[in-house]
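A closer look at the structure
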Amino acid sequence: MIITASHNPPSYNGFKLKAHYGGPSSPATIDEVEKAIPESATGLLKPINELVKAGKIAYVDLENLYVNEVETKFDLEAIKNAKMEFAYDAMYGAGQNVIRRTFPEITLLHCDENPGFHGQAPEPIHKNLQEFSELIRISEEIDCGLVTDGDADRIGLYNKAGKFIDSHHIMLLLIHYLHKYKGMNGKVITTFSATSKITDMCKAYGLDIEITKIGFKYICDLMVKENVLVGGEESGGIAIKGHIPERDGIWIGLTIWEFMAKTGKSLDELIKEVYDVVGTFAMERIDLHITEEIKQRVLAECKANKYTQFGNYKIEKTENLDGYKFHLGNGEWVMLRASGTEPVLRVYSESSTSEKAFAILEATKGTILK
């Protein structure tokens, strides 16, 4: 059981249940646990020291276990001896000691303990990482910056110019490295909101791909049953073969650093290799904070197939695996997905450039909110 607020504010503190394989417990297991929780816990709890004496609780040094695994699985000498400079932003989270111990010489930011995260929700997205981005930009020496969130399972990445590299590009880099360079095989699992370029790369490399609903639990469920090379989602949670079936921002970051060190290539040069296989692309997203009434009206219109075009973009095909994805031709698409807890409608788009993706988002917004 993990007690964490993850990237959310402290008031969201909650439980994550992990299974013996190290990944999320199955929905069926979680249902069993929830049914076993009594309405009141009065009188049921014993002092921790009594539970330790009874053998119900054991203290384990998980940090040492993890660092030892990192030292076994990665070519750390190649990373340390590469003529490259790296930086890491822990966002005051749980990843700070591992990186500090493993790479004591690199540039570290927010690697001290602050339970309130200095008032900033530690979600590794660009708007929360302006200080880190600027640090990289002005240094002119740092080749890649790695960020992990509060519990270090999600990744953020920056190139030498301080530009944010999204998880869609990271997943493609991982497939490219593990298969093309290391000769590894397996199925690729990704979620409904991820770039379609992942499908294109799998087709180019002869790898099977499966697209799931949004949520890492769906990816994990397949990883424990099948031979999976890479499993990842748009929010930065990614897992790879040879590790546990769970998101791990440090593990994924070290894989990218090893890729750079082994090839001697910059992040931009490696992304260029990806583009040579699948073509250039950009993914963008906006969150529309609207009333619940408007949200439900838009969803009803999607369900009834009321939309035939957004602005000048004509809809060629619609999918509704988890939300509504409208294919617009030429590899472009836009997707609408409602938050289950807030009056928020998330709108995603993909095109060949960021400007074109934002144009699709604006056209869609203009149509659904008119």
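What counts, and at which threshold
- Residues numbered from 1 in each chain as written.
- Predicted model: local features only at pLDDT ≥ 70, side-chain atom pairs only at ≥ 80, totals over all residues.
- Heavy atoms only, no water.
- Pairing = 2+ DSSP bridges.
- Helix = DSSP H or I, 4+ residues; strand = E, 2+ residues; numbered from the N terminus.
- Expected span 1.5 Å × (residues − 1).
- Contact = heavy atoms within 4.5 Å.
- Axes fitted to C-alpha atoms, helices over the stretch in contact; angles between N-to-C directions.
- Phe/Tyr/Trp six-rings, centres within 6.5 Å; stacked < 30°, edge-to-face > 60°.
- Buried < 20%, exposed > 50% of the residue type's maximum accessible area, 1.4 Å probe, protein only.
- Lys NZ or Arg CZ within 6 Å of the ring centre and 35° of its normal.

Quick look at the sheet that holds strand 4 (residues 107–109)
Strand order in the open sheet made by the five strands is 4-3-5-6-7, with mixed pairing throughout. Both outer strands of the open sheet, strand 4 and strand 7 (164–165), are each paired with one neighbouring strand and no more. Summarising the sheet, strand 3 (residues 85–89) and strand 5 (residues 142–148) pair through five bridges and their orientation is parallel. Considered in strand 5, the bridge of Glu-85 is made with Ile-142.

Details of helix 12 (residues 292–303)
Here helix 12 contains 12 residues, and its C-alpha end-to-end distance of 16 Å stays within 8% of the 16 Å for a straight helix at 1.5 Å per residue. Those residues of helix 12 that are buried are in contact with strand 16 (324–329), strand 17 (332–338), strand 18 (344–351) and helix 13 (354–368). At the exit of helix 12 stands Asn-305, carrying a positive phi of roughly 55°.

Side note on the sheet that holds strand 8 (residues 187–191)
Overall, mixed pairing links the four strands, which are arranged 9-8-10-11 in an open sheet. The sheet is open, and its two edges are formed by strand 9 (209–212) and strand 11 (238–240), each paired on a single side. Neighbour-to-neighbour, the strand axes of this sheet turn through a mean angle of 10°, independent of strand direction. Strands in contact with helix 9 (residues 216–223) are strand 8, strand 9, strand 10 (228–232) and strand 11; relative to strand 10, the strand with the most contacts, it is inclined by about 170°.

Remarks on the packing of aromatic side chains
The tally for this structure, following the rule as stated, stands at 13 aromatic pairs. Here Phe-74 and Trp-251 contribute two aromatic rings whose centre-to-centre distance is 4.8 Å and whose plane-to-plane angle is 65°, an arrangement assigned as edge-to-face. A residue pair is termed long-range when its members are at least 10 positions apart, and Phe-74 in the loop between helix 3 (62–73) and helix 4 (76–81) and Trp-251 in helix 10 (residues 249–263) qualify at 177 residues. We note that Phe-74, like Trp-251, is buried. A network of ring pairs unites the aromatic residues Tyr-66, Phe-74 and Trp-251 as a single cluster. The lysine or arginine in question, Lys-80, covers the ring of Phe-103, its NZ or CZ lying 5.7 Å from the ring centre.

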